[in-house]
Amino acid sequence: MSKRRDGHRPMRERRYCGARQDYHCPANQQRRPCVARRRRGRGGRVEVLPEGDGRSAAAMTLQELVHRAARLYSDRKAVWFDECNGKPPAFYTYAAVVKLATELTAFLQKHCDQQGKCEIGLYCYPGINLPSWILGILQVPAAYSPIDPDAPPVLSTYFMKKSNLQYILVENDKINKFQMSHVGWFHHSSATIEHIGLTLFQTSSSNADLNSQVDGVKSKYEPCKAMGNSVCPDQTEVKTSEGGFMDMGQKYSLAYVLHTSGTTGIPKIVRVPHKCIVPNIQHLKSIFEITPDDVLFLASPLTFDPSAVELFIALTSGAAILVVPNAVKMMPVELSAALFRRHHVTVLQATPTLLRRFGVHIIKSAVLSANTSLRVLALGGEAFPVLNLLKSWKHEENKTNIFNLYGITEVSSWATCYKIPEEVFSADFRTDFPIPLGSPLLGTRVEVRDTNGSAVLEGEGQIFVGGDERICFLDDEITVPLGTMRATGDFVRVQNAKLFFLGRKDNQIKRHGKRFNIECLQQAAEDLCQVEACAVTWYQQEKLILFVVPKDALEKRETLEELQKRLPAHAVPDELVLIKALPLTSHGKVDISELNKIYQNHLNSRRRDSKLSGAEELWERLQYLWKSVLGLRGDSTRISKDAVFLYSGGDSLKALRFYDEIEMLVGKAVPGLLEVILSRSIEEVYRHILKILFPDDDQLMNYDNVVKRKLSGNNGEELHGKYIKLKPETGLEAAAGLISFMALSRGNHVFSTNFTESFMQRTDTVQAAVELLQQPSFLHLMTPSIVQSHVQGYEMENRILTAANKADKADSSAQQTPAEGSDLTTAELALCVRWMSNTRKCVDASPLVVVPSKEEVSASVYIGSHSHAMQAIDLDLGEIKWEKNLGDRIESSACVSKCGNFIVVGCYDGLVYVLQSSDGETHWTFVTEDTVKSSAVVDPSSGLVYVGSHDQHVYALDIYKKECVWRLHCEGGAVFSSPCLSSFPHHLYVATLGGLLLAVNPLFTVVLSIRYSTLPFTDDGE
């Protein structure tokens, strides 16, 4: 192990002779075994290392290591499951995980015929029970074999048959999908285990159809077909040590069974013994300095072997593993909130693609920020990001340790590890510093060979990975010689005894984190009856393009749909281009360079033809692309304005295709578009593009007419919250959907739109209301632009009179309003309870009362509580109009938007929620970096919403455009109090818990003055 460079004392750890690099191993770097049975953990706690029970941990099984941790940490949280839907996350302790696993084990031992080697399939999505299910299978003892419900059935069928799986555990709510995908191949062998959530299936006696399907898959993926002189790892001679063999027939030796993604054509079955994966787990636990205080994220799918590392590093250490639904992993904002705000994840193992999916803003503000919870970021599975990019992501005060991992499934899971030195992130360090693959992990050997099989000490060659017991069984292998070295298909440069990754050669590419041979796509396309001939190119190493010479009429959409049925998602082409004939070289081979020229001309032609005439055409073309990418047929499928890409049949790969198609359509880059596609509706995608494409006022103003006209033609559906062009110091322009109202909020603040001075005149029957309207807090909100018509004022006056009359009729004991000029005495006043609403927990927020001017629309009271519930209550009747559960407790008082269509409220989960006032549906959520207790205030001149957060910022939000217009860091502590706005002068006053009072010009975000107090400013005194 290399010395620590971060200034901390290196941990004591075992050093192993087996971990060496055959191409260079100087004598002074030979590793000697030494024992480190105990170490001092955080807070002075003594923690047991692998030898804790008298046996070497490397000789133990995964389930034995989990049981040892469960005995030590039975009451600690073992697994969290967060659906990111506003509900509290679920969790199991170590004791609960083991209890559930033991019940499953007993069931499987009763119903499965164990004859030495036993492998059990697991067909499920990630959930709270996943660790218990896996542990329950291992305890049988048996190997678990994950099966992806979203994989093409023909591939999962091949895997199950090739693995000779006799038993499949299926998640209960996936039974129909499983049976429809594998009709007649399996039958129930037992009753459903309801409380465990699984059903056991067993292979049917008659599966001739299955055999034919498997043979068909094998013929489609002939290894090394049409690869020319490229190296095929399966056919490369392996180097073995003389002596013993590892025997798969050894009882209970296997931990799990996977299949590769098909680097050389046909996917390989990989059976992983405990002896192969346990050293990986133990060594990485030591390198990452894992303690029971850590929280790890299950980022990898079960079918990707790094998932075993994530899961068992946590469960063998007393740490916790966080699990989220697959859809959430593709939603950057929701995922980052779960990882770093709610669960404070400390260890993240991920591919660079997953990291990039967060987007630069979230990486900087959450993942690699100065105050992130993340201790360890281990990137692997793809080429490591260039250092210059990584430096731009990492805050200068960030302390996260970053690692580069490398490995192959055929020697599961990781082979090498390199910790990025802290000094390379300094401003004066050279940016062209190459990142090596690092040192071999425990028990692993790494060699580099040239095309002749000779060792490479300096220069380029292919990596081979293996070890004495770091051995997996591939396909039909039963015994493998100890010391076997597997070819990886990856090429590196050896320089000064360090390995630097170069990439894959020839037709073997890595796309979206998956290894893939483009010949597989070509073979699948050639098998289609409409295809005369075809070829595939990896255009600029970014896009997978399929060129097709059609036999007769070929429908592109149908062809792509057929390919999606036959291929995994990462092998589906980005685009299909029809050509008359394949270009050939003088040697009679397909001319790849000429195909690339054809595609470039195709792109140029599309750009010329894609000029848009206006917003209406953009909406039409966007709907067409949406249907095309998602495979929706024709005009018969109506697209709702609220449709979300991922919930409409999309995935991350289709989102990338949609993104590319849009940028091709508009002819320019659209910053931030991918994140909007992944987490927002088609309406918001359209808004986002419109702002980039048509920044002029007319197009923006025409937005709602376009969408409304297109949508209302189908079902009359209209939009809530019309887009309004906001200008400082001007009134709200008349627009459809504008509500005339008066709102009364905390501190007797009155906010109103579309009423007149006549409304403020004293009357005989509303003297108390008039006194309220004449308070300075109300007058400060008034601007000339608000006073518009006498008629509206009288209507509002009558509306309040009507509400007052209803109140009198509802309670006969209520006192009548005195006549003008009469004296009010204490004896004449009486308080009575008209109605009550149970919010179920403590209420710290103040109610918001909104009285619309139209009599047919009832007045409403809006209130939030610690129960997470936001309620809208009928002011006259006391009936709940709607209730919305937010992500955490609510102490912020709500405010109403300028148009009257939305309610804005802050929440403990760090979000500012914009809810539709009519039904409570979420219009928009804005993410801050800490709790929001501050109550928002609306600027009556611009419609902007100002709100503070415990992240020490005050924000100006445009809830119509769904964007943050500006944010201001208030240097003196959290913003707990509510911002205060005055119209004359137009100032925003913001106070902090650090004792600062700031006066801000909201138009130019300029701090005009600062006052200091020895006491914190809160809302208590308002």
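The model shown is predicted, which means the values in this text are computed figures rather than measured ones.

Chemist: What's the story with the overall build of the protein in this structure? I'm lost.
Modeler: When you go through the protein residue by residue, the secondary structure sums to 25 helices and 49 strands. Here the protein holds 1022 residues, and 55% of them are scored as buried. Relative to all contacts within the protein whose residues are 6 or more apart in sequence, the contacts with residues 24 or more apart total 62%. Accessible surface computed for the protein: about 44,000 Å², of which carbon and sulfur atoms make up 50%.

Chemist: For this particular structure, what's the right way to read the sheet that holds strand β45 (residues 963-969)?
Modeler: Paired through their backbone hydrogen bonds, the strands of a sheet run either parallel or antiparallel. An order of β42-β43-β44-β45 is seen for the four strands of this open sheet, with the pairing classed as antiparallel. Edge strands, defined here as strands with exactly one partner in the open sheet, are β42 (937-938) and β45. Summarising the sheet, strand β44 (residues 953-958) and β45 pair through six bridges and their orientation is antiparallel. When the bridges of β45 are listed, A956 appears paired with W966.

Chemist: Hey, could you run me through the packing of aromatic side chains in this one?
Modeler: To describe a pair of aromatic rings, one takes the distance between the centres and the angle between the planes. Scanning all chains against the criterion turns up 18 aromatic pairs. Consider the rings of F926 and Y955, whose centres lie 5.1 Å apart with planes at 65°: the pair is edge-to-face. With a gap of 29 residues between them, F926 in strand β41 (residues 922-927) and Y955 in strand β44 connect regions that are remote in the sequence. Residue classification places F926 among the buried positions, given a relative accessible area of 12%. According to the relative accessible area criterion, Y955 is buried, its value standing at 2%. Through successive ring pairs, a cluster of aromatic residues spans Y123, F178 and F201. The ring of F425 carries the charged tip of K394 above its face, separated from the ring centre by 4.7 Å. Above the face of the F464 ring, R449 is positioned so that its terminal group lies 4.0 Å from the ring centre.

Chemist: Looking at this structure, I do not really get the pairing of strand β30 (residues 543-550). What am I missing?
Modeler: The side chains of a regular strand alternate, residue by residue, between the two faces of the sheet. The element β30 is largely enclosed, with a buried count of seven among its eight residues. As defined by bridge partners, strand β29 (residues 531-539) adjoins β30 across eight bridges and the pair is classed as antiparallel. In the strand pairing of β30, V531 is matched with P550. In this sheet, strand β31 (residues 575-578) lies alongside β30 in parallel orientation, the contact comprising four bridges. Looking at β31, one finds that V548 is bridged to L578.

Chemist: Would you explain helix α1 (residues 62-72) in this entry?
Modeler: Residues of α1 that are buried: L62, Q63, L65, V66, R68, A69 and A70. The inward-facing, buried residues of α1 contact α2 (94-111), α3 (130-138), β12 (254-259), α7 (274-288) and α8 (306-315).

Chemist: When you look at helix α17 (residues 615-630) in this model, what are you seeing that I'm missing?
Modeler: For α17, built from 16 residues, the straight-helix expectation of 22 Å at 1.5 Å per residue is met to within 8% by its first-to-last C-alpha distance of 23 Å. Restricting attention to buried positions, one finds in α17 the residues A615, L618, W619, L622, Q623, L625, W626, K627, V629 and L630. Two residues or fewer after α17 comes G631, characterised by a positive phi angle close to 75°.

Chemist: Looking at this structure, how should I read the side chain of D305?
Modeler: Mapped onto the secondary structure, D305 falls in the loop between β14 (295-297) and α8. In this structure, D305 is buried with no salt-bridge partner, the nearest side chain bearing the opposite charge being R470 at 7.9 Å. Setting aside anything within four residues of it in sequence, one finds D305 in contact with Y256, L258, I408, T409, S412 and S413.

Chemist: Can you walk me through unusual backbone geometry in this structure?
Modeler: Across the chain, the bulk of peptide bonds are trans and the bulk of non-glycine residues have phi less than zero. Residue P141 is bonded to the preceding V140 through a cis peptide linkage, with omega at 0°. The topology assignment puts P141 in the loop between α3 and β7 (143-147). The linkage connecting S412 with the following residue, S413, adopts the cis geometry, with an omega of 0°. Summarising the element assignment, S413 is placed in the loop between β18 (401-406) and β19 (416-419). The phi dihedral of E289 falls on the positive side, at around 55°, and the residue is not glycine. Within the secondary structure, E289 is located in the loop between α7 and β14. Residue E289 is classed as partly exposed on the basis of its relative accessible area of 24%. Although it is not a glycine, H868 sits at a positive phi angle of roughly 80°. Relative to the helices and strands, H868 is located in the loop between β35 (860-864) and β36 (869-874).

Chemist: How should the nonpolar core be read in this particular structure?
Modeler: It is characteristic of soluble globular proteins that their nonpolar side chains tend to be buried jointly. Judged by nonpolar contacts, the single largest core of 76 residues is most densely connected at L108 and F312. Not counting residues up to four positions away in its chain, the partners in contact with L108 are I120, G136, I137, V140, L169 and L200.

Chemist: What is the right way to read the pattern of salt bridges from this model?
Modeler: Pairing between side chains becomes possible if they bear opposite charge and their charged atoms approach one another. Throughout the structure, instances matching the rule amount to 25 salt bridges. Here E422 makes a salt bridge to K394, at a shortest N to O gap of 3.3 Å. Of this pair, E422 sits in the loop between β19 and β20 (439-440) while K394 sits in the loop between α13 (387-393) and β18; the two residues are 28 residues apart in sequence, bridging distant segments of the chain. Several salt bridges converge on common partners, so that one network encompasses E171, D173 and K174.

Chemist: Where do I start with the sheet that holds strand β40 (residues 911-916) in this structure?
Modeler: On the basis of which strands lie adjacent, the open sheet formed by four strands has the order β38-β39-β40-β41 and antiparallel pairing. The sheet is open, and its two edges are formed by β38 (895-896) and β41, each paired on a single side. Here β38 pairs with strand β39 (residues 902-906) via two bridges, running antiparallel. Note on β39: the bridge partner recorded for V896 is I903.

Chemist: For this particular structure, what's the right way to read the environment of I662?
Modeler: With respect to the secondary-structure elements, I662 resides in helix α18 (residues 652-666). Note: C-alpha distance between I662 and L618 (44 residues apart in sequence) is 9.8 Å. Contacts of I662, omitting those with residues within four sequence positions, involve L622, L625, L673, I677, V685 and I689.

Chemist: Teacher, can you tell me more about the packing of α3 against α8 here?
Modeler: When two helices pack together, you describe them by how their axes are tilted relative to each other and by the distance separating the axes. Running from amino to carboxyl end, α3 crosses α8 at an angle of 90°, the nearest separation of the two axes being 12 Å. Regarding the angle of α3 to α8, the classification is roughly perpendicular. Contacts from P131, I134 and L138 in α3 reach L311, F312 and L315 in α8.

Chemist: Would you mind showing me how to read the environment of P440 here?
Modeler: Within the secondary structure, P440 is located in strand β20. For P440 and G407, which are 33 residues apart along the polypeptide, the C-alpha to C-alpha distance reads 9.9 Å.

Chemist: What am I meant to see in the packing of α7 against α8 here?
Modeler: α8 packs onto α7 with a crossing angle of 65° between their chain directions and a minimal axis gap of 10 Å. Crossing of α7 over α8 shows right-handed handedness. Where α7 abuts α8, its residues I277, N280, I281, L284, K285 and F288 lie against A308, V309, F312 and I313. Grouping the amino acids of the contact of α7 with α8 by side-chain chemistry returns eight nonpolar, one polar and one charged.

Chemist: Could you clarify how one ought to interpret the side chain of Q623 in this entry?
Modeler: Turning to its location among the elements, Q623 is positioned in helix α17. Setting aside chain neighbours within four positions, we find Q623 in contact with I639 and I682.

Chemist: Before we go on, may I ask you to explain the confidence of the model for the protein in this structure?
Modeler: Caution applies to low-pLDDT regions: their predicted coordinates should not be interpreted in detail. Averaged over all residues, the pLDDT of the protein equals 77, while 72% of them reach at least 70. Every residue in residues 1-53 is under pLDDT 50, and counting partners more than four places away or in other chains gives 113 contacts. Below pLDDT 50 for its whole length, residues 219-242 participates in 56 contacts with residues either more than four positions away or in separate chains.

Chemist: I'm lost on the environment of A350 in this one. Help?
Modeler: Relative to the helices and strands, A350 resides in strand β16 (residues 347-350). A C-alpha to C-alpha distance of 9.7 Å links A350 and E310, two positions 40 residues apart in sequence. When sequence neighbours within four positions are dropped, the list of residues in contact with A350 reads A378, L379 and G380.

Definitions and limits used
Residues numbered from 1 in each chain as written. Predicted model: local features only at pLDDT ≥ 70, side-chain atom pairs only at ≥ 80, totals over all residues. Heavy atoms only, no water. Helix = DSSP H or I, 4+ residues; strand = E, 2+ residues; numbered from the N terminus. Buried < 20%, exposed > 50% of the residue type's maximum accessible area, 1.4 Å probe, protein only. Contact = heavy atoms within 4.5 Å. Areas by Shrake-Rupley, 256 points an atom, 1.4 Å probe, with all protein chains shown as cover. Pairing = 2+ DSSP bridges. Phe/Tyr/Trp six-rings, centres within 6.5 Å; stacked < 30°, edge-to-face > 60°. Lys NZ or Arg CZ within 6 Å of the ring centre and 35° of its normal. Expected span 1.5 Å × (residues − 1). Lys, Arg positive; Asp, Glu negative; His and termini not counted. Salt bridge = Lys/Arg side-chain N within 4 Å of Asp/Glu carboxyl O. Core = buried A, V, L, I, M, F, W, Y, C linked by side-chain atoms within 4.5 Å. Axes fitted to C-alpha atoms, helices over the stretch in contact; angles between N-to-C directions. Parallel < 35°, antiparallel > 145°, perpendicular 65-115°, else oblique. Left-handed = near helix turned anticlockwise from the far one by under 90°. Nonpolar A, V, L, I, M, F, W, Y, C, P; charged D, E, K, R; others polar. pLDDT = per-residue confidence, 0-100.

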